[in-house]
Amino acid sequence: MRKRRIRLLTALGLVALLLLAVTLPWLYQLNNRIVEKFEGNRWELPARVYARPVDLFAGLALTPDDFESLLSSLHYVASPGELTQPGEYRRRGGRFTLWTRSFHFPDEYRPSTRLALTFEEGRIAELKPLEGEPAPLFRLEPVRIANIYPRRHEDRVLLKLADVPPLLIRMLLMVEDRDFYHHLGVQPKSILRAAVANFRARKAVQGGSTLTQQLVKNFFLSNERKLSRKLNEAAMALLLEWHYDKDEILEAYLNEVYMGQDGNRAIHGFGLAAQFYFQRDLRELSPEQLALLVGLVKGASYYEPRRHPQRALKRRNLVLDVAAEEQLLPADEVDKLKQQPLGVTRKAPSGVTPYPAFLQLVRRQLLRDYREEDLQSEGLIIFTTFDPLAQARAERSVTRSLRRIEQERGLKPDSLQAALVLASVEQGEVLAAVGGRDPRYAGFNRALDMQRPVGSVIKPAVYLTALMRKDEYTLLTRLDDSELIVPQPTGDWEPHNYDNVYHGEVTLLNALTHSYNVPTVRLGMDIGVDNVLKTARALGLKGELKPYPSLLLGAADLAPIDVLRMYQTIAAGGYRAPLRSITAVINQVGETLQRYPLEVEQAVPADADFLLASVLHEVTVNGTGRALQYLLPPELMVAGKTGTTNDLRDSWFAGFSGEHVAVVWVGRDDNQPTGLTGSSGALPVWAALFSRLPTASLQPVQPDDIEWARADPDLGFLVDGDCGAWIPFIAGSPRPEVRGCDEIAAETLESAEEPKDAAPQGFDRLRQLF
């Protein structure tokens, strides 16, 4: 008998050793998975892309309605009474009271505070903090405009345990795992109870998993219902509890738990769930809203409040009842909370950016410095130059103008397309981009990728090249506008003016103002097409530009963003600043990884650029862009140039004020004629934007070597008297012959032409600025 017992014990020992030999490698492997994942980057975090912050100060041009629109973009909630928490505001006509949210900017942390603002005549008249020290300027947090998602399309907003409302934690534990802070990762009694219930029902009706097991299942395992998976889950839960404390496990659970679905984007964690269902930060939610989020843990799809509001309401109220039973909330308060609606927003905030054209520009700049996988996983925070209010105005200008043009000209509805890019003059910051008449469409981006002939918008490069030769050319230099035949290897080329009329001798000033083609070609060939090409490159034009004579009339395929570079340099007094869409990139802990400072270089001489900008202003007063005189406010001075291509296929306008520069293209995707010139197609779109955009009037900086003299701009003579117009010259440049006013009048009568107004209003208005 004794020998038999020894043999039995030996056999049991061998079995135990065998089980241990099998179990230890299994546990070792599971343990390595836990440590590797939990101590590394636990999640692939999307990059968050923000607009520019809004600096509020007395005198800022901003209407009350635009400010309220901005608050709506930031998901602030209008309050009928006193403000109770950050993210709320109250409006009384032109007076606002605002409780801002805290925010980490790249250069400072801005705490939450309360403000009072008063608006008068389209400006902030008074800005007054209601707590703390008075401040002349307040920076409002920026609007999030996009996310760049991980490959698995999981989205989350990471929370620290200290940032989670204590009531949510207590309700979660009471509903999902009462003994969380006491068990070791598994609850054998709960597992046994669930197993019995499921056996009796012959299906899964009850779960016995702890929060730790739920975290393990979501974080490490699949959802398959197999015994092996359940064993792995239990073992890994024990190992997780062995390595990490309860608070760390709970924090991970709060960030990992599945809370809903937005198309192919999975909503994970309570931080993002608060934004997804209520468009508010988690700390701003009321008790009944927190209860709904806790209720969704049981089954986010089954209780989805927008699709199944009755299920969600019943589940939320059950959580509130538990809160009352456990004395987390007073019973009478719970009765009131249960009468409240679910409070979720009618429409889920889309994970798709509403500004695809601008986001594509941002991504291209980012990919110069970051790998695509970094953008999709490292939780980068990207601050951009995007201006939401300017973008809204740009979108309305495109969609409404195209609709109106089609109606007025009898064109087929939706036959026209457009692109628009807007930037700041001084810093070259891209503020808005519209890639088509449907600004939300994330497909072909005409603002960046469309290559179309630019027509006459390239002519300023020709005239600037000539004006840079101050010893040879002035604004009064006479150019020949008569029949011209240019021999080419493929045959003769004969350029014509748009109206098919030759004007004899014209001044350089009038040739550009009225966009005459023939004298432009003669001038370009005299100074050299290669030299014009160099000037175009200096102004910022990129892409394939070939030094053919036809280049002088815009036979070059460019994108609107390319043309914007050129006109931004002209608008900035000849100083070129690379167009920027990003200002800074920081990581998820607030460390600045990279800044994109302003880089400026003198690209062309300031004096020649001043003369060019002066003529481009004259274009908008008496030239091809004169329609702006009745499309814009009378006090707004601007400069610009129209462009029209062969057979009226492409319509362009590029122009600038003292503060903003924009380029507009209008045409058809099938490259068929539109019947529109630059002044009848693109210019009205540009004007619609600038008539609504708070912008400064044109005020170029006059270089020290600029001199003014009275002259006749049509005949090209200086005048001795009060007739004629003031014309700028570069000091030391040749001056034409001086004539008296009587001689000028007589010569005008002798020419068989209609008498012309010899006083360009644009130059006179400019000279009054200096």
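For the structure, see preceding data.
Residues numbered from 1 in each chain as written. Predicted model: local features only at pLDDT ≥ 70, side-chain atom pairs only at ≥ 80, totals over all residues. Heavy atoms only, no water.

### Description of the overall build of the chain
A tally of regular secondary structure across the chain gives 25 helices and 32 strands. By residue count, 53% of the 770 residues in the chain fall in the buried class. If you sum the accessible surface of the chain, you get close to 35800 Å²; carbon and sulfur atoms cover 51% of it. (Helix = DSSP H or I, 4+ residues; strand = E, 2+ residues; numbered from the N terminus. Buried < 20%, exposed > 50% of the residue type's maximum accessible area, 1.4 Å probe, protein only. Areas by Shrake-Rupley, 256 points an atom, 1.4 Å probe, with all protein chains shown as cover.)

### Comments concerning the sheet that holds strand β27 (residues 650–656)
Spatially, five strands are ordered β17-β16-β28-β27-β26 in an open sheet, and the strand pairing comes out antiparallel. Edge strands, defined here as strands with exactly one partner in the open sheet, are β17 (430–434) and β26 (639–644). Along the sheet, successive strands turn relative to each other by an average axial angle of 5 degrees, direction set aside. Of the strand pairs in this sheet, strand β16 (residues 417–424) and β17 are connected by four bridges, and their pairing is antiparallel. Following the sheet pairing, A423 is matched in β17 by V430. On top of the sheet, helix α20 (residues 560–571) reaches β16, β26, β27 and β28 (660–667); it is set at about 150 degrees to β28, its chief contact. (Pairing = 2+ DSSP bridges. Axes fitted to C-alpha atoms, helices over the stretch in contact; angles between N-to-C directions. Contact = heavy atoms within 4.5 Å.)

### Quick look at the sheet that holds strand β9 (residues 123–129)
Strand order in the open sheet made by the five strands is β3-β4-β5-β8-β9, with mixed pairing throughout. At either margin of the open sheet sits one strand with a lone partner, and together these are β3 (77–78) and β9. The pairing of strand β4 (residues 88–92) with strand β5 (residues 95–99) spans five bridges and is classified as antiparallel. Residue pairing across strands places R90 opposite T97, the latter belonging to β5. Taken strand by strand, helix α2 (residues 64–73) contacts β4, β5 and β8 (114–120), and its axis lies near 20 degrees from that of β5.

### Some details on the pairing of strand β29 (residues 706–712)
In terms of burial, β29 is a largely internal element, five of the seven residues being buried. Bridge count between β29 and strand β31 (residues 725–730): six bridges; the pairing is antiparallel. When the bridges of β31 are listed, W708 appears paired with P728. Alignment of β29 against strand β30 (residues 717–720), held across two bridges, turns out to be antiparallel. What sits directly across from D712, in β30, is F717. Between the antiparallel neighbours β29 and β30 lie four residues, among them G716 with a positive phi of about 85 degrees.

### Considerations on the pattern of salt bridges
Evaluated as defined, the whole model comprises 36 salt bridges. In this structure, the salt-bridge partner of D321 is K338, at a minimum N-O distance of 2.9 Å. Here D321 is found in helix α10 (residues 309–325), whereas its partner K338 is found in the loop between α11 (331–337) and α12 (356–366), with 17 residues between them in sequence. If you follow the salt bridges from partner to partner, you end up with D55, D107, E108, R110 and R139 in one network. (Salt bridge = Lys/Arg side-chain N within 4 Å of Asp/Glu carboxyl O.)

### Section: the packing of aromatic side chains
In total, this model carries 16 aromatic pairs according to the counting rule given. Here the aromatic residues Y50, F103, F105 and F383 are joined through ring pairs into a cluster of three or more. Across the ring face of Y303, the terminal group of R315 is positioned such that the distance to the ring centre comes to 5.8 Å. (Phe/Tyr/Trp six-rings, centres within 6.5 Å; stacked < 30°, edge-to-face > 60°. Lys NZ or Arg CZ within 6 Å of the ring centre and 35° of its normal.)

### Observations concerning the nonpolar core
Within the largest apolar cluster, 127 residues are counted, with the highest numbers of intra-cluster contacts made by L56, F67, L140, L366, Y567 and F656. The element that contributes the greatest number of residues to this core is helix α21 (residues 606–622), accounting for eight residues. Setting aside residues up to four positions removed in sequence, L140 forms contacts with P53, V54, L56, F67, L70, L71, L74, Y76, L98, T100 and F105. Among the nonpolar cores identified, the runner-up in size contains 55 residues, and F270, L272, V294 and L337 belong to it. (Core = buried A, V, L, I, M, F, W, Y, C linked by side-chain atoms within 4.5 Å.)

### Details of a positive patch on the surface
Residues R396, R400, R403, R404 and R692 make up a contiguous surface patch of positive charge. Considering each element in turn, the positive patch owes the most residues, four residues, to helix α14 (residues 388–408). When you line up the elements, R692 lands in helix α23 (residues 682–692). (Patch = residues over 30% accessible without salt bridge, like charges linked within 9 Å, V, L, I, M, F, W, Y side chains within 5 Å. Lys, Arg positive; Asp, Glu negative; His and termini not counted. Charge placed at Lys NZ, Arg CZ, Asp CG, Glu CD.)

### Some points on the state of the cysteines
Under the defined criterion, the tally for this structure stands at one disulfide. Across a sulfur-sulfur distance of 2.1 Å, C723 and C741 are joined as a disulfide pair. A torsion of -100 degrees about the S-S bond marks the disulfide between C723 and C741 as left-handed. Here the residue C723 occupies a position in the loop between β30 and β31, and C741 occupies one in helix α24 (residues 741–750), the gap between them amounting to 18 residues. A residue is classified by how much of its surface remains accessible, and C723, at 23% relative accessible area, is partly exposed. By relative accessible area, which is 24% here, C741 ends up partly exposed. (Disulfide = S-S within 2.5 Å.)

### What to know about a nonpolar patch on the surface
Taken together, the side chains of Y575, L598 and V600 define a hydrophobic patch exposed on the protein surface, amounting to about 250 Å² of accessible area. With respect to the element layout, V600 can be found in the loop between β24 (592–595) and β25 (601–602).

### Here's the deal with unusual backbone geometry
The backbone phi angle of S515 is positive, close to 55 degrees, even though this residue is not glycine. One can find S515 in the loop between α17 (508–513) and α18 (517–527). S515 sits in the buried class, given a relative accessible area of 11%. The phi angle at N671 is positive, at roughly 65 degrees, despite the residue not being glycine. By secondary structure assignment, the location of N671 is in the loop between β28 and α23. Relative accessible area serves as the criterion here: at 32%, N671 is assigned to the partly exposed category.

### Let's talk about the environment of R92
By the secondary structure assignment, R92 is in strand β4. Owing to a relative accessible area of 48%, R92 belongs among the partly exposed residues under this scheme. Along the sequence, R92 and P80 sit twelve residues apart, while their C-alpha atoms lie 9.8 Å from each other. Side-chain polar atoms of R92 contact the backbone oxygen of P80, separated by 3.1 Å. (Polar contact = N/O pair within 3.5 Å; in protein donor to acceptor, adjacent residues only side chain to side chain.)

### What to know about α14
Along its 21 residues, α14 runs 30 Å from first to last C-alpha, staying within 8% of the 30 Å computed at 1.5 Å per residue. G410 sits one or two positions beyond α14 and adopts a positive phi of about 65 degrees. (Expected span 1.5 Å × (residues − 1).)

### A look at the packing of helix α3 (residues 166–176) against helix α7 (residues 246–256)
Where α3 meets α7, the axes come as close as 13 Å, and the angle between the chain directions of the two elements is 90 degrees. It follows that α3 is roughly perpendicular to α7 by the angle criterion. Here L168, I169, L172 and L173 of α3 come into contact with α7, specifically with L250, Y253 and L254. The residue makeup of the contact of α3 with α7, split by class, is seven nonpolar, no polar and no charged. (Parallel < 35°, antiparallel > 145°, perpendicular 65-115°, else oblique. Nonpolar A, V, L, I, M, F, W, Y, C, P; charged D, E, K, R; others polar.)

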